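Spelled out, the chains give:
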Amino acid sequence: PTLEYELLRRRIQTNIAEIWNFFSNELGKIRKQVDPNMKEDINSVLIMGAEHKRSLLSDMERLHQLDGYEAWRHQEAKDLSDLVQRRLRYLQNPPDCGKAKKLVCKLNKGCGYGCQLHHAVYCFIVAYATERTLILKSKGWRYHKGGWEEVFQPVSDSCLDIGPARANNWPGRPESQVVVLPIIDSLMPRPPYLPLAIPEDISFRLKRLHSEPIVWWVGQFLKYLLRPQKGTQEFLENSMAKLGWKKPIVGVHVRRTDKVGTEAAFHSIDEYMTHVEDYYLTQEINGTSMTRRIFLASDDARVIDEARKKYPQYEIIGDAEVARMAAVSTRYTDTGLNGIILDIHLLSISDYLVCTFSSQVCRVAYEIMQTLYPDAGHRFKSLDDIYYYGGQNQHNRQVVIPHKARNHDELHLKPGDLVGVAGNHWDGFSKGKNTRTNQVGLFPSFKVVDKVETAKLPTYPNV
Ligand code: GDP
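Here's what I pulled together on the structure shown here. What you are looking at is a predicted structure, and each value in this text was computed from that prediction instead of being measured. (Residues numbered from 1 in each chain as written. Predicted model: local features only at pLDDT ≥ 70, side-chain atom pairs only at ≥ 80, totals over all residues. Heavy atoms only, no water.)

A short note on the overall build of the protein chain
Just so we agree on the cut-off: Secondary structure counts use DSSP, requiring at least four H or I residues in a row for a helix and at least two E residues in a row for a strand, with both numbered from the N terminus. Two things to know: the radius of gyration comes from C-alpha atoms, and the globule rule equals 2.2 Å times the number of residues to the power 0.38. To sort residues, take the accessible area from a 1.4 Å probe on protein chains only and compare it with the maximum for the residue type: under 20% means buried, over 50% means exposed, and anything in between is partly exposed. Residue exposure ignores everything except the shown protein chains as possible cover, and the areas themselves are Shrake-Rupley values with a 1.4 Å probe.
Helix and strand counts for the protein chain come out as twelve helices and 16 strands. Taking 23 Å as the expected radius of gyration for a compact globule of 463 residues, we find that the protein chain reaches 23 Å, a close match to that expectation. Its C-alpha atoms put the protein chain at 80 × 55 × 45 Å along the principal axes. Per-residue burial over the protein chain gives 52% buried out of 463 residues. When the accessible surface of the protein chain is summed, it comes to about 21500 Å², and 55% of that surface belongs to carbon and sulfur atoms.

Re the site of the ligand
For clarity, the cut-off: Any residue with a non-hydrogen atom lying within 4 Å of a molecule or strand is treated as near it. Under the rule applied, a polar contact is a pair of N or O atoms within 3.5 Å (in protein, one hydrogen donor and one hydrogen acceptor; residues adjacent in sequence only if both atoms are side-chain atoms).
In the vicinity of the ligand, 22 residues are found, and the nearest of them are Gly-114, Arg-255, Lys-259, Asp-343 and Ser-359. Note that an oxygen atom of the ligand is positioned 2.9 Å from one of the side-chain N or O atoms of Tyr-143. The contact in question runs from a nitrogen atom of the ligand to an N or O atom on the side chain of Asp-343, over 2.6 Å. Protein coverage of the free-state accessible area of the ligand, which is 560 Å², stands at 96%. Among the elements of the structure, helix H4 (113–130), strand E7 (293–298), helix H10 (320–329), helix H11 (337–348) and helix H12 (360–369) are those that each provide at least two residues to the shell around the ligand.

Focus on the pattern of salt bridges
When the charged atoms of two side chains with opposite charge come close together, those side chains can pair. Selection rule: By salt bridge we mean one thing: a side-chain nitrogen of Lys or Arg within 4 Å of a carboxyl oxygen of Asp or Glu.
All chains considered together, the criterion is met by 33 salt bridges. Across the pair Glu-76 and Arg-205 runs a salt bridge, and its minimum N-O distance is 2.7 Å. Of this pair, Glu-76 sits in helix H3 (residues 70–92) while Arg-205 sits in helix H5 (residues 203–209), and the two are 129 residues apart along the sequence. Given a relative accessible area of 7%, Glu-76 falls into the buried group. The exposure class of Arg-205 is partly exposed, given its relative accessible area of 27%. A salt bridge links Glu-315 to Arg-293, with the nearest nitrogen and oxygen atoms 3.1 Å apart. Of this pair, Glu-315 sits in strand E8 (residues 315–317) while Arg-293 sits in strand E7, placing them 22 residues apart in sequence. Here the salt bridges do not stand alone but share partners, grouping Glu-6, Arg-9, Asp-67, Glu-70 and Arg-73 into one network.

Considerations on the state of the cysteines
Basically, it comes down to this: Count a disulfide wherever a pair of cysteine sulfur atoms falls within 2.5 Å.
Taken as a whole and assessed by the stated rule, the structure comprises four disulfides. Each sulfur of the disulfide joining Cys-111 and Cys-115 lies 2.0 Å from the other. Linking Cys-111 and Cys-115, the disulfide has an S-S dihedral of approximately -85° and is accordingly described as left-handed. There is no split in this pair, since Cys-111 and Cys-115 are both buried. In this model, Cys-355 is linked to Cys-362 through a disulfide, with the two sulfur atoms separated by 1.9 Å. Torsion about the S-S bond of the Cys-355 and Cys-362 cystine: about -70°, corresponding to left-handed handedness. Here the disulfide map of the protein chain reads 1-6, 2-5, 3-4, 7-8, the bonded cysteines being numbered as they appear in the sequence.

Let's talk about the sheet that holds strand E4 (residues 178–180)
Heads up, the rule is: One bridge is not enough; two strands pair if DSSP finds at least two bridges between them. What counts as an axis is a line fitted to C-alpha atoms, over the stretch in contact for a helix, and the angles between N-to-C directions run from 0 to 180 degrees. Here, residues are in contact when the closest pair of their heavy atoms is within 4.5 Å.
Pairing is parallel across the open sheet formed by four strands, whose spatial order is E2-E1-E4-E3. The sheet is open, and its two edges are formed by strand E2 (133–137) and strand E3 (167–169), each paired on a single side. Shown here is a sheet whose adjacent strand axes are inclined to one another by a mean of 30°, direction ignored. Sheet topology note: the strand E1 (residues 102–106)/E2 ladder contains five bridges and is parallel. Bridging from a neighbouring strand, Cys-105 pairs with Leu-136 of E2. Where H4 meets the sheet, it contacts E1 and E2, and its direction lies at approximately 170° from that of E1.

Printed below as a string of structure tokens:
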């Protein structure tokens, strides 16, 4: 397929959701202001409108299956992933470790597991960009004192130490043999290849294949990093058998405890379940019916009990004991590694995700999910943020349809303007800053397209 075709197809899919976000939200507002008999009329429009939206989304899914490019998408996804994985293996297994240039990354960032995985991925991206073998220092790791290698396969078969070489702090010099990387927030100077940039040499192929190329790119690093040790693999398999894992299934992640009120708002289980219901109704649009099943992960055990009581028509897979441990592990103790590995794994292999992207747990699951499909960019509903990578460079969208602000809250837009996006309000509007006018405000989400940043990176011609 051409790039234009794939972009257009995905744009229609996104904007079907956006037009419905817009109308349902506007009608919801009007409903509050009218008399009771009008409310009934509006409700009936909302119900029929929602069905109409689901039908369109379902048709888009079929178009995508039937347009003749599906076999190509699978092959291309495999080829691209194989290429990147080969490059990572090559980088990590230098012929002479004693002479190899190295980048040291310490897994001691004071934060949760998802945050630490993102720290490791950021290090790995810098390693890839500077052609330095990544040395992951993890002895005494908060989540497993014995270190990373006891849980996941080592990042190299032959090169896990800096040996007697002298270590220099970032950025070091090109000839420095060992450079030590700080956390992304303290990185100075900041290189252009940090997320959300993707490598230029595969950027055309990635943009054509995937709706969220950066998520795919991050997912590839996780694919390499998270190759489980035998014990971890067995633990995952046994746990799935015990839980009675089955598909179809929607993964729901409810992040509570220390996050609520500090970094994210509270969302009731009903909010999550509304989107789960909508997903199943879309799958069942032709009158088929399927078992309603969710996998529910949380750091609040009460959520699991509450969901079981409130949604008896759902088969709910989830372990309240794991959630109880999770609440403890958010308070910086080293319990709970198995629980969070399991929960992220199961969220990532679910058919669809309903969660808050303010949580790194769900973002990691979404990133890993991209390694399992040619493009799983649409398989989520976030109740708050759009996708982001902590410490990322500015996320820009390009205006394709002009807009005249209708009030003081809205932005003027001219085609070609770049807008730095802050978030999507999921009501038809996004918030951002027009970089031409420096104005900050709301704009209709359908009037822009994503601008994918690229960076010139090594092309690993020997691979
Ligand atoms: P964030 O704080 O949600 O952005 O994500 P982090 O991964 O950085 O930190 C949250 C930590 O809380 C996780 O690493 C887990 O230790 C724990 N946690 C949060 N949600 C869950 C969950 O659903 N299951 C489990 N097992 N642990 C969780």
